[in-house]
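# Descriptive structure summary
If you want the building blocks of each chain, they are given just below.
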There are 2 protein chains.
Amino acid sequence: MKHRIALAGICVAAAGAAFAIGPSDREKPPTTSQVMESAKPEDWRRPDPANTLYMDLPGGRVIIELAPRFAPAHVTNIKQLVAEKFFDGLAVVRLQDNFVAQWGDADKTRPTESALRKLPDENIVAWGKGLPLVKLPDRDGYAPETGWIDGFPVGVERKPSGQAWITHCYGVLGVGRDDWPDTGSGAELYVVIGQAPRQLDRNIVALGRVLRGMELLSSLPRGTGGGLGMYEKPEQRLPIKSIRLASELPAGERTAIEVLRTDTPLFTRYVESRRNRRDAWYIVPAGHTDVCSISIPVR
Amino acid sequence: MKHRIALAGICVAAAGAAFAIGPSDREKPPTTSQVMESAKPEDWRRPDPANTLYMDLPGGRVIIELAPRFAPAHVTNIKQLVAEKFFDGLAVVRLQDNFVAQWGDADKTRPTESALRKLPDENIVAWGKGLPLVKLPDRDGYAPETGWIDGFPVGVERKPSGQAWITHCYGVLGVGRDDWPDTGSGAELYVVIGQAPRQLDRNIVALGRVLRGMELLSSLPRGTGGGLGMYEKPEQRLPIKSIRLASELPAGERTAIEVLRTDTPLFTRYVESRRNRRDAWYIVPAGHTDVCSISIPVR
């Protein structure tokens, strides 16, 4: 039984195996494995090192892609914090089950150099025709439209608000903040580790997502403080060795990584293969998916 | 910042504090904390010990409520396996990030006594007017209707199929199976630990949910086998000390637990407080929720 339920997961690990489409296979739409097997080099992209963070934890490296289009001031400020080595020696301070992993300057004691502590509101960006939305046709209860922009999951409300925003899906990076009108500075960051908390959309700055290493955060012990998952004892906090921008490192110290592009015909086929699973294991295709249920393959 | 994002989570821990509604508070709908503060003893229920499993792991106890209405033969068989102490000494064998934790007889080597290895299909139950559906008004992409029956999250399709089923939300318990028409026996079980894999709905038997102790499963190290989260080395497997039915244990060894009822006016107010968050932290209420985003409080 063990390998059967697994078909529900993405199996990009199989991409190395040869795959031959037989006569009967041609008649039905492809499975996810078949779609991924047909991917060409140009269906993949290399994230810009200038927008890629490496968070090195005792257990390994978490790789995060930043989304400057959605929160340019906050992304700039996070890069400045990283340049100041602000996060080095700080810690993961909070693990709330089915919600978030959070790290940074929880005690608000670490000084900054030129990084800012107050920033403009960037919870949303103005919708405009220049935004390269790859639309997901499936309806969504939280947003009139969903899809992907620059490879990030997004919600869009063309009217009346004229807004677009990154949706809080598993692995999305956000900026911890105090009560409005504080918008946070990036000195505290969180990543979604459970069911997509879409109620956070448009309430807080979301500006990236984890490409690799989610398990280094999602498998940490849950905290018990205040019913909020705070680590109550200093020794429970997981120290951050460093956070660096990939572009700061010599090429030899960077992690080679590619992400499936979301603006290709192949990605459309990939989404369809997730909407209607056609692996032998499935008996009832869902006929539906949602933006947070589409994991974007990384290799 | 640490306590602010936390408002997005459920804070039943605050239930012990006195709460006074002031004049201005009366004018706006209550927050989740206010709703929970107003709960009366009859808004809570005690799960039936005859349908409550205790899975004792090295780190503590996972408490699972079974849903006999949705899969009577499988629930009966799991109870028989438990009576045979079938799971004692078996292990958690699989942790796939953002998907499932799975345990049981992965090697298919453990004999059973009178427990069965083949069972009828119980992926769905027939919809009927006798089913006490508490309907969630928000639309859902995977099912024509969603809501709760017996405290479990459900999907319903009255026509044309006339089906109801437990939806695969965070913490839901399911029965591992091989390719159809195998339906599994309960010798392998899994729990959802990430974004709700609703594509599994109606494809596999879902028959319960974790009431307490999710963090004992969700924080386990992820496996690396086959891209499926299998633990590849025997020593990675987490041994199960025992699985028992609460009713088998002397009253003194049972864990006192109460679950918020889903069939009350209070629960309706609770859901509304989750649909439109009115805590000071929020600036844009979502105006929407979905069945897998409603965590049911347990105390």
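So, about the packing of aromatic side chains. Any aromatic ring pair is given by two values, namely how distant the centres are and how the planes are angled relative to each other. Residue and element names in this part refer to chain B. Considering all chains together, one arrives at eight aromatic pairs over all chains under this definition. Plain terms: the ring middles of Phe-86 and Phe-87 are 5.3 Å apart, the flat faces sit at 90 degrees to each other, and that makes the pair edge-to-face. The pair Phe-86 / Phe-87 is uniform in exposure class, with both members buried. Plain terms: the ring middles of Trp-281 and Tyr-282 are 4.8 Å apart, the flat faces sit at 75 degrees to each other, and that makes the pair edge-to-face. For the residue pair Trp-281 and Tyr-282, the accessibility class agrees, reading buried in each case. Lying across the ring of Tyr-54, Arg-61 places its NZ or CZ 4.0 Å from the centre. Across from the ring centre of Trp-165, 4.0 Å away, lies the NZ or CZ of Arg-202, which sits over that ring.

Of all the residues in helix α5 (residues 265–275) of chain A, the buried ones are A:Leu266, A:Phe267, A:Tyr270, A:Val271, A:Ser273, A:Arg274 and A:Arg275. Of the surrounding elements, those touching the buried residues of α5(A) are α2 (32–37), β7 (134–136), β8 (145–149) and β16 (259–260) of chain A.

This part takes up the relation of the copies chain A and chain B. The transform that puts chain A on chain B rotates by 180 degrees and translates by 0.0 Å along the axis, for an RMSD of 0.0 Å. Viewed as a symmetry operation, the transformation between the two copies matches a two-fold axis. A symmetric contact is evident, with 100% of the interface residues of chain A recurring at the interface of chain B.

Here the focus is the interface of chain A and chain B. Taken together, the contact pairs 65 residues of chain A with 66 residues of chain B. Here chain A meets chain B over a buried area of about 5,900 Å², counting both sides, of which 56% is carbon and sulfur. Inspection of the region where chain A meets chain B yields 18 residue pairs in polar contact (both at pLDDT 80 or more). The set of elements that each furnish at least two residues to the side of chain A that touches chain B consists of β4 (91–96), β5 (100–104), β12 (188–192) and α4 (214–218) of chain A. The dominant element in the side of chain A that touches chain B, judged by the number of residues it contributes, is α4(A), at three residues. A breakdown of the residues in the side of chain A that touches chain B according to their chemical character gives 27 nonpolar, 22 polar and 16 charged.

A few words now on the state of the cysteines. Residue and element names in this part refer to chain B. Applying the stated criterion to the full structure yields two disulfides over all chains. For Cys-169, the disulfide goes to Cys-292, at an S-S distance of 2.0 Å. One quick way to see it: the torsion about the S-S bond of Cys-169 and Cys-292 is about -75 degrees, and its sign makes the bridge left-handed. Placement of the pair is Cys-169 in the loop between β10 (163–166) and β11 (172–175) and Cys-292 in the segment after α6 (265–275), with a sequence separation of 123 residues.

The next point concerns the pairing of strand β15 (residues 242–245) of chain B. Residues and elements named next belong to chain B. Side chains Ser-242 and Arg-244 of β15 all project onto a buried face; the interleaved residues Ile-243 and Leu-245 project onto the opposite face, where all are buried too. Bridge analysis of strand β2 (residues 52–57) against β15 gives four bridges, and the strand direction is antiparallel. Residue pairing across strands places Tyr-54 opposite Arg-244, the latter belonging to β15.

Within the element layout of this structure, B:His288 appears in the segment after α6. Using a relative accessible area of 7% as the deciding quantity, one classes B:His288 as buried. With residues up to four places along the chain from it excluded, the contact list for B:His288 reads A:Gly141, A:Tyr142, B:Asp138, B:Arg139 and B:Arg275.

Here the focus is the environment of A:Arg110. Residues and elements named next belong to chain A. On the secondary structure map, Arg-110 appears in the loop between β5 and β6 (125–126). Sequence separation between Arg-110 and Ile-283 is 173 residues, and the spatial gap between their C-alpha atoms is 55 Å. Among all residues touching Arg-110, those that are not within four sequence positions of it are Lys-85, Phe-86, Phe-87, Asp-88, Gly-89, Leu-90, Asp-105 and Arg-117. A distance of 2.8 Å separates a polar side-chain atom of Arg-110 from the backbone oxygen of Phe-86.

On to the sheet that holds β8(A). All names here are of chain A. With respect to topology, five strands assemble into an open sheet ordered β6-β10-β9-β8-β7, the strand pairing being antiparallel. Two strands lie at the open edges of the sheet, namely β6 and β7, each paired on one side alone. Here β8 runs beside strand β9 (residues 152–157); their pairing, made up of five bridges, is antiparallel. Residue pairing across strands places Thr-146 opposite Gly-155, the latter belonging to β9.

This next bit is on the pairing of strand β10 (residues 163–166) of chain A. Residues and elements named next belong to chain A. The side-chain alternation of β10 yields two buried faces, one formed by Gln-163 and Trp-165 and the other by Ala-164 and Ile-166. Direction of pairing for β6 relative to β10: antiparallel, over a ladder of two bridges. Counterpart to Ala-126 in the pairing with β10 is Gln-163. The sheet contact formed by β9 and β10 spans four bridges and is antiparallel. Bridged to Gly-155 within β10 is Trp-165. Joining the antiparallel neighbours β9 and β10 is a turn of five residues, in which Gly-162 adopts a positive phi near 65 degrees.

The strand order across the open sheet formed by five strands is β6-β10-β9-β8-β7 (chain B), and the pairing between neighbours is antiparallel. Each edge of the open sheet is held by one strand with a lone partner, namely β6 (125–126) and β7 (134–136) of chain B.

As a working rule, side chains carrying opposite charge can pair if their charged atoms are close by. Applying the stated criterion across every chain yields a total of 38 salt bridges over all chains. A salt bridge links A:Glu258 to A:Arg299; the shortest N-O distance between them is 2.9 Å. Of the two residues, A:Glu258 sits in the loop between β15 (242–245) and β16 while A:Arg299 sits in the segment after α5, which places them 41 residues apart along the sequence. Residues B:Glu157 and B:Arg202 are paired through a salt bridge, measuring 3.3 Å at the closest nitrogen-oxygen approach. Of this pair, B:Glu157 sits in strand β9 (residues 152–157) while B:Arg202 sits in the loop between β12 (188–192) and β13 (206–212); the two residues are 45 residues apart in sequence, bridging distant segments of the chain. You'll find B:Glu157 and B:Arg202 in the same group, each marked buried. Taken together, the shared-partner salt bridges connect A:Asp138, A:Glu272, A:Arg275 and A:Arg278 into one network.

Okay, the environment of A:Pro239 next. Secondary-structure assignment places A:Pro239 in strand β14 (residues 238–239). Those residues in contact with A:Pro239 that sit more than four places away from it in its chain are A:Leu57, A:Pro58, A:Leu90 and A:Ala91.

Before going further, it helps to examine unusual backbone geometry. Working note: non-glycine residues mostly have negative phi, and peptide bonds are mostly trans. Cis geometry marks the peptide bond from A:Lys159 to A:Pro160, where omega comes out at -5 degrees. Examined against the element boundaries, A:Pro160 turns out to sit in the loop between β9 and β10. Backbone geometry at B:Asp150 places phi at a positive 60 degrees, although glycine is not the residue there. Within the chain, B:Arg202 stands out as a residue other than glycine whose phi angle is a positive 70 degrees.

What follows deals with helix α3 (residues 72–83) of chain A. Residue and element names in this part refer to chain A. Here α3 contains twelve residues, and its C-alpha end-to-end distance of 16 Å stays within 8% of the 16 Å for a straight helix at 1.5 Å per residue. For α3, the full list of buried residues reads His-74, Val-75, Asn-77, Ile-78, Leu-81 and Val-82. When α3 is viewed along its axis, its buried side chains cluster within an angular range of 165 degrees and face the same direction. Residues of α3 that are buried sit in contact with β2 (52–57), β3 (60–66), β11 (172–175), β12, β13 (206–212) and β15.

Rules and cut-offs
Residues numbered from 1 in each chain as written. Chains lettered and ligands numbered in written order. Predicted model: local features only at pLDDT ≥ 70, side-chain atom pairs only at ≥ 80, totals over all residues. Heavy atoms only, no water. Phe/Tyr/Trp six-rings, centres within 6.5 Å; stacked < 30°, edge-to-face > 60°. Buried < 20%, exposed > 50% of the residue type's maximum accessible area, 1.4 Å probe, protein only. Lys NZ or Arg CZ within 6 Å of the ring centre and 35° of its normal. Helix = DSSP H or I, 4+ residues; strand = E, 2+ residues; numbered from the N terminus. Contact = heavy atoms within 4.5 Å. Least-squares fit on C-alpha atoms with pLDDT ≥ 70 in both. Buried area = accessible area lost by both parts, 1.4 Å probe. Polar contact = N/O pair within 3.5 Å; in protein donor to acceptor, adjacent residues only side chain to side chain. Nonpolar A, V, L, I, M, F, W, Y, C, P; charged D, E, K, R; others polar. Disulfide = S-S within 2.5 Å. Pairing = 2+ DSSP bridges. Salt bridge = Lys/Arg side-chain N within 4 Å of Asp/Glu carboxyl O. Expected span 1.5 Å × (residues − 1). Arc of directions from axis to C-beta.

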